[in-house]
Amino acid sequence: MEKLLRGEISPLKLARTGARLQGKVALARLSRLLGCVESAGETVELMLEFSQDALGCSLVEGTLQLDVELLCQRCLEAFSSQLLVDVRLAFVASDKAVKSLPDGLEACVLVDGKVVLEALVEDELLLALPDVPLHPREVCPAGTKYEPKPTDENNPFAVLGQLKGKVN
Ligand SMILES: [Zn+2]
């Protein structure tokens, strides 16, 4: 059975030993995320591998997986989706240190060397939620009647590719 994980972790220590965290995080405590979805499964499945790169930077890479129901902004009906999130973060001790990271590497700022696992997971899931949730067009009851305007920085159609709805 998979472990239920919770609370503070020490990523720098985990990275030094090349630790791997595999298990589940209870969704009940992720209130920001729950406010953004229609409904969701009870747990997030996670697999996180901690490591240090050649420069001594502490990293985590892995995946998060969560079943959610989102509200289609075209037909206003809920639809099932699976969020599969690739995580790749570098841990830094302060906001200032974020600037020293190589381009393309996302930062997680630690407080006293620690971070609450639920907060890390919730932030990554929130980033992965589509700004404008939409059914795949073929299955949307509203069809082509209404087309929300994509926001500048986030094209909803890029996200559709990741949604595993009821298409197949
Ligand atoms: Zn729809």
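What counts, and at which threshold
- Residues numbered from 1 in each chain as written.
- Predicted model: local features only at pLDDT ≥ 70, side-chain atom pairs only at ≥ 80, totals over all residues.
- Helix = DSSP H or I, 4+ residues; strand = E, 2+ residues; numbered from the N terminus.
- Buried ≥ 20, exposed ≤ 12 C-beta atoms within 10 Å, placed from the backbone.
- Contact = placed C-beta atoms within 7 Å.
- Core = buried A, V, L, I, M, F, W, Y, C linked by C-beta atoms within 7 Å.
- pLDDT = per-residue confidence, 0-100.
- Expected span 1.5 Å × (residues − 1).
- Pairing = 2+ DSSP bridges.

A count of helical and extended segments in the protein gives 5 helices and 8 strands. Order of helices (α) and strands (β) in the protein, N terminus to C terminus: β-α-β-α-β-β-β-β-α-β-β-α-α. Among the 168 residues that make up the protein, the fraction classed as buried is 23%. If you take every contact in the protein between residues at least 6 apart in sequence, the share linking residues at least 24 apart comes to 57%.

A few words now on the nonpolar core. In terms of nonpolar packing, the biggest core is built from 29 residues, with Val44, Leu46, Leu64, Leu66, Val68, Val121 and Leu125 touching the most fellow members. Within the residue set of this core, elements represented by two or more residues are strand S4 (43–52), strand S5 (58–71), strand S6 (78–92) and helix H4 (117–128). Broken down by element, this core gets its largest block of residues, 6 residues, from S6. Excluding residues within four positions of it along the chain, Leu46 makes contact with Leu21, Gly23, Val25, Gly62, Leu64 and Val121.

Right, let's get into the environment of Val116. Within the secondary structure, Val116 is located in strand S8 (residues 115–116). A count of 14 C-beta atoms within 10 Å places Val116 in the partly exposed class. The spacing of Val116 and Glu8 is 108 residues in sequence and 4.1 Å in space, taken between C-alpha atoms.

With that settled, consider the confidence of the model for the protein. Predicted confidence across the protein gives a mean pLDDT of 87, with 85% of residues reaching 70 or more. Scored below 50 in pLDDT, residues 164–168 shows 13 contacts in the model against residues more than four places distant or in partner chains.

Relative to the 16 Å expected for 12 residues at 1.5 Å per residue, H4 spans 17 Å between its end C-alpha atoms, a close match to the ideal helical length. Among the residues of H4, Glu118, Leu120, Val121, Glu122, Glu124 and Leu125 are the ones counted as buried.

With that settled, the discussion passes to the pairing of S5. For a regular strand, the rule is simple: side chains alternate between the two faces of the sheet. Direction of pairing for strand S3 (residues 39–40) relative to S5: antiparallel, over a ladder of 2 bridges. The residue bridging Ala40 from the neighbouring strand is Val68, located in S5. Of the strand pairs in this sheet, S4 and S5 are connected by 8 bridges, and their pairing is antiparallel. Opposite Glu49, over in S5, you have Glu61 as the bridge partner. As consecutive antiparallel partners, S4 and S5 are separated by 5 residues, and within that stretch Gly56 has a phi angle of approximately 85 degrees, a positive value. Of the pairings in the sheet, the one linking S5 to S6 comprises 13 bridges and is antiparallel in character. Looking across to S6, one finds that Glu61 is bridged to Arg88. Hairpin geometry of S5 and S6 is characterised by an intervening segment of 6 residues between the two adjacent antiparallel strands and by a positive phi of about 60 degrees at Leu76.

A few words on the environment of Leu89. Note on placement: Leu89 falls in strand S6. Taking C-alpha positions, Leu89 is 9.7 Å from Glu124, a pair spaced 35 residues apart along the chain.

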